[in-house]
Amino acid sequence: MKAVEVEGLVKRFGQLVAVDNVSFTVEEGELFGFLGPNGAGKTTTINILTTLIRPTSGKAFVAGYDVSKQPSKVRQAVGLVPQEITVDDDLTGRENLMLQAGLYHLTHEQARKTIAELLELVGLSEVADKRVETYSGGMRKRLDLAAGLIHRPRILFLDEPTLGLDVATRAAIWSYIKRLRSEAGVTVFMTTHYMDEADALCDRIAIIDRGRIKAVDKPVNLKNSLGGDVVELEVVDGGRSVAEIVEKISGVKRVAVVDGLYRLTVERGDKALPLIVEALVRNDVKVQRIMLKTPTLDEVFLEYTGRKLREEAGSWEESFRRRHVLRRARAV
Amino acid sequence: MDVLTEVRVLTMRELKKWYRSPFLLVFTLVQPVLWMGLFGKAFNLTGFLRIPNEILDQLPPAATSQIASVFNSILTRFFGRADIDYFSYISLGMLSITVLFTSMSSGMGIAWDRRLGFLNKLLAAPIWRGSIIVSKVLATVVRSVLQASLLLLLALALGARFNPLLPLGPLIAVAALCILAVGLSSFSIAVGLRLKSWESQAAVMNLLNLPLMFASNALYPVSLMPPWLQTIALANPISYAVDAVRQTLLLGQAANTAILITDMAAVSLFAAFFTAVGTYLAGTTLKKT
């Protein structure tokens, strides 16, 4: 059975189509990522899958249950960590988890045992009895992660798990997410608008833009689909011969000259690089600088959506309006 | 059983948030104490009908007793008993006002929970939607009654004198305050569910709080008001809770059982109506489209 199965999912808010005919599946035990800019429909999808809002049309099954027809079954099977930090400042870490345990009807004994384990997992055992208001942003997020796992859900939904955290904290959160996946064996569905995050964590990624899925695959496949790595080469005195030399090397697909810089598209950069250097040295070409670039998901995103992740193509008003409508709808 | 667990943990959350911030506790008491102290001591309504001793000494005893009986009948008409002092009268009125102020702010909690994303986390859990409302109402009832009791002790310390209708009087008074708290907090939460932002929620509650206080019998008897205001005061649930408390704690033997039953029925009706509205709104608003 698939952990998540979505077919032809549509969500409209008035005129705006937040999720536009989306279909995908998530395998059991997988760490699946939704990658896209703000307002792409990521949170709306999570809200539908966790039964917070109803789809306009289409089907969605989570843990085998229909989100529209069996919402309470779905709620029992999933954990949600919203993008906002939702632990209560006035309670201690342990009290927050006890509250969460009560909401999932754990007995007192079960709750105590599970909470001790989870606190250990997210590294908060030491501060469990301090009030959350004394916690740092990263600690709060970790507590939120633990809260999402309190009832041992089969699928954990993480909405922008590292939003607003600094670089070091983000790396720490990543390692906790990996750890809870391997130790708790839970399927994880997460959204992010950080390329490096999707790349570092996810088994498979769906690229989503303006409510539509543009591509779904493993990060490495997505990158490979761009046609390989790029070697950039600068030589002391250029000439026609350099292009002729490198073109003959096996694995080199294309050679282009941009501003006196040779850009070689190669199949496997790590294998081609020594061959290139060797051939140039043999032909007495002096190499000033050589650089290997493996494609990043940034370029993949550009390739599939025709725009960069951070820059809003189209009119500024359109994207602003879209985000505004989504935010209001989300606040219902 | 599951529902009871949900309600218990959510109620405890509310109460912990409350008693861990002593500032909040003190602050919610300051206003009623100020009203009680300023109004009760300055606008001594019953004191107007007291004749200074030097004038009494100049009058013949027959005239004195005649004047006294006239004044006493006026006092009885307005305050229920002739020997009631205004400070005791107003301090019992303030118990319901504490309940009013506390209960009306409870809808703000739900607006905040929504804004902070906490509500979404609750809605993603397999809980009965009503638990979210019921727990807020329960916590408000506990807070209101504890604050009202504190206020009562303060009033006693400041010189209020009561004539409780023993043994059931205090119990009935507490019951009246609890029912009032249920009704008002359900109303406030219903508004909070509709209005979504805590700013507009606060604006609505500030708009309602003072008119509800002044257009009731908390500060002065309804019979002193002009007819149009009397109509409003008689439609105001606060008036009935205040009267129930005065009947049971202030009037002693002069209490009127029929009036007390009417008071309790009116407060209960009001509470039942808004509890129904709140529960209905919880069902529809929290079940998103």
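The model shown is predicted, which means the values in this text are computed figures rather than measured ones. (Residues numbered from 1 in each chain as written. Chains lettered and ligands numbered in written order. Predicted model: local features only at pLDDT ≥ 70, side-chain atom pairs only at ≥ 80, totals over all residues. Heavy atoms only, no water.)

1. Looking at the overall build of chain B
Next up, step 1: Looking only at helices and strands, chain B features 13 helices and 0 strands.
Next up, step 2: Across chain B, helices and strands are ordered from the amino to the carboxyl terminus as α-α-α-α-α-α-α-α-α-α-α-α-α.
Next up, step 3: Across its three principal axes, chain B shows a C-alpha extent of roughly 80 × 35 × 35 Å.
Next up, step 4: Evaluated residue by residue, chain B yields a buried proportion of 48% over its 289 residues.
Next up, step 5: Sequence separation of 24 or more characterises 82% of the internal contacts of chain B that already satisfy a separation of 6 or more. (Helix = DSSP H or I, 4+ residues; strand = E, 2+ residues; numbered from the N terminus. Buried < 20%, exposed > 50% of the residue type's maximum accessible area, 1.4 Å probe, protein only. Contact = heavy atoms within 4.5 Å.)

2. Side note on the layout of surface pockets
Residues and elements named next belong to chain B.
Next up, step 1: Taken as a whole, the largest pocket spans an internal volume of roughly 1100 Å³.
Next up, step 2: Taken together, 37 residues line the largest pocket, and the ones lying closest to its centre are Leu 24, Ser 105, Met 108, Gly 109 and Arg 143.
Next up, step 3: Mapped by element, the contributors of at least two residues to the lining of the largest pocket are α1 (2-19), α2 (22-42), α5 (86-104), α6 (106-115), α8 (129-157) and α10 (198-214).
Next up, step 4: Counting residues per element, the lining of the largest pocket draws most heavily on α2, at 6 residues.
Next up, step 5: Its residues assigned to classes, the lining of the largest pocket shows 17 nonpolar, 11 polar and 9 charged. (1 Å grid on protein atoms, 1.4 Å probe; cavity = no way out; pocket = protein on both sides within 12 Å on 5 of 7 lines; lining within 4 Å. Points joined across faces, edges and corners; volume = space filled by probe spheres on them. Nonpolar A, V, L, I, M, F, W, Y, C, P; charged D, E, K, R; others polar.)

3. Focus: the interface of chain B and chain A
One frequent convention defines the size of an interface as the accessible area lost when the parts assemble.
Next up, step 1: Listed per partner, the contact involves 26 residues of chain B and 32 residues of chain A.
Next up, step 2: Summed over both partners, the interface of chain B with chain A buries about 2700 Å², with 57% contributed by carbon and sulfur atoms.
Next up, step 3: At the boundary of chain B and chain A, one finds 6 salt bridges.
Next up, step 4: Note that B:Lys16 is salt-bridged to A:Glu95, the shortest N-O span being 3.5 Å.
Next up, step 5: For the pair chain B and chain A, the number of links is 10 residue pairs in polar contact (both at pLDDT 80 or more).
Next up, step 6: Among the residues making up the side of chain B that touches chain A, the classes are represented as 10 nonpolar, 4 polar and 12 charged. (Buried area = accessible area lost by both parts, 1.4 Å probe. Salt bridge = Lys/Arg side-chain N within 4 Å of Asp/Glu carboxyl O. Polar contact = N/O pair within 3.5 Å; in protein donor to acceptor, adjacent residues only side chain to side chain.)

4. Some thoughts on the sheet that holds strand β9 (residues 204-209) of chain A
Residue and element names in this part refer to chain A.
Next up, step 1: Read across the open sheet, the 6 strands follow the order β6-β7-β8-β3-β9-β10; overall the sheet is mixed. The outermost strands of the open sheet, each flanked by one partner alone, are β6 (78-81) and β10 (212-217). The sheet shows a mean angle of 15° between the axes of neighbouring strands, taken without regard to direction.
Next up, step 2: Of the pairings in the sheet, the one linking strand β7 (residues 155-159) to strand β8 (residues 187-192) comprises 5 bridges and is parallel in character. (Pairing = 2+ DSSP bridges. Axes fitted to C-alpha atoms, helices over the stretch in contact; angles between N-to-C directions.)

5. Some points on the sheet that holds strand β4 (residues 57-62) of chain A
Residue and element names in this part refer to chain A.
Next up, step 1: Taken together, 4 strands build an open sheet; the order of strands is β2-β1-β4-β5 and the sheet is antiparallel. Strand pairing shows two members of the sheet lacking a second neighbour, β2 (16-26) and β5 (65-66), which therefore form its edges.
Next up, step 2: Pairing geometry for strand β1 (residues 4-13) and β4, over 5 bridges, is antiparallel. Within β4, the residue paired with Val 4 across the bridge is Val 62.
Next up, step 3: With respect to the sheet, helix α1 (residues 42-49) is in contact with β1, β2 and β4, its orientation differing from that of β1 by roughly 115°.

6. Observations concerning the environment of A:Asp298
Next up, step 1: Along the chain, A:Asp298 falls in helix α11 (residues 297-305).
Next up, step 2: C-alpha of A:Asp298 to C-alpha of A:Pro55: the two residues are 243 residues apart in sequence and 30 Å apart in space.

7. Regarding the domain arrangement of chain A
Next up, step 1: Entries for chain A in the domain assignment read domain 1 (4-223) and domain 2 (227-293).
Next up, step 2: For domain 1 of chain A and domain 2 of chain A, the distance between their C-alpha centres works out to 44 Å. (Domains from an automatic or database assignment.)

8. Considerations on the pattern of salt bridges
Next up, step 1: Counted under the stated rule, the structure contains 31 salt bridges over all chains.
Next up, step 2: Measuring nitrogen to oxygen at the nearest pair gives 2.7 Å for the salt bridge that ties A:Arg181 to A:Asp203. Taken as a pair, A:Arg181 in helix α6 (residues 167-184) and A:Asp203 in the loop between α7 (195-201) and β9 lie far apart in primary sequence, 22 residues in all.
Next up, step 3: Here A:Arg181 falls in the partly exposed class, since its relative accessible area comes to 22%.
Next up, step 4: Three or more residues are tied together by salt bridges with common partners; here these are A:Asp88, A:Asp90, B:Arg13, B:Glu14, B:Lys17, B:Asp113 and B:Lys136.

9. Concerning the environment of A:Asp159
Residues and elements named next belong to chain A.
Next up, step 1: Structurally, the position occupied by Asp 159 is in strand β7.
Next up, step 2: Of the residues examined, Asp 159 reaches a relative accessible area of 3% and is grouped as buried.
Next up, step 3: Taking C-alpha positions, Asp 159 is 9.5 Å from Asn 47, a pair spaced 112 residues apart along the chain.
Next up, step 4: Once residues lying within four places of it in the same chain are set aside, the contact partners of Asp 159 are Thr 43, Ile 46, Val 81, Pro 82, Gln 83 and Thr 191.
Next up, step 5: A polar atom in the side chain of Asp 159 sits 3.4 Å from the side chain of Gln 83.

10. Examining the pairing of strand β3 (residues 31-35) of chain A
Residue and element names in this part refer to chain A.
Next up, step 1: For β3, the buried fraction is high: 5 of the 5 residues fall into the buried class.
Next up, step 2: Neither face of β3 is exposed, since Leu 31, Gly 33 and Leu 35 on one face and Phe 32 and Phe 34 on the opposite face are all buried.
Next up, step 3: In this sheet, β8 lies alongside β3 in parallel orientation, the contact comprising 5 bridges. By the bridge assignment for β8, Leu 35 is matched with Thr 192.
Next up, step 4: Bridge analysis of β3 against β9 gives 4 bridges, and the strand direction is parallel. The partner of Phe 34 across the bridge, within β9, is Ala 206.

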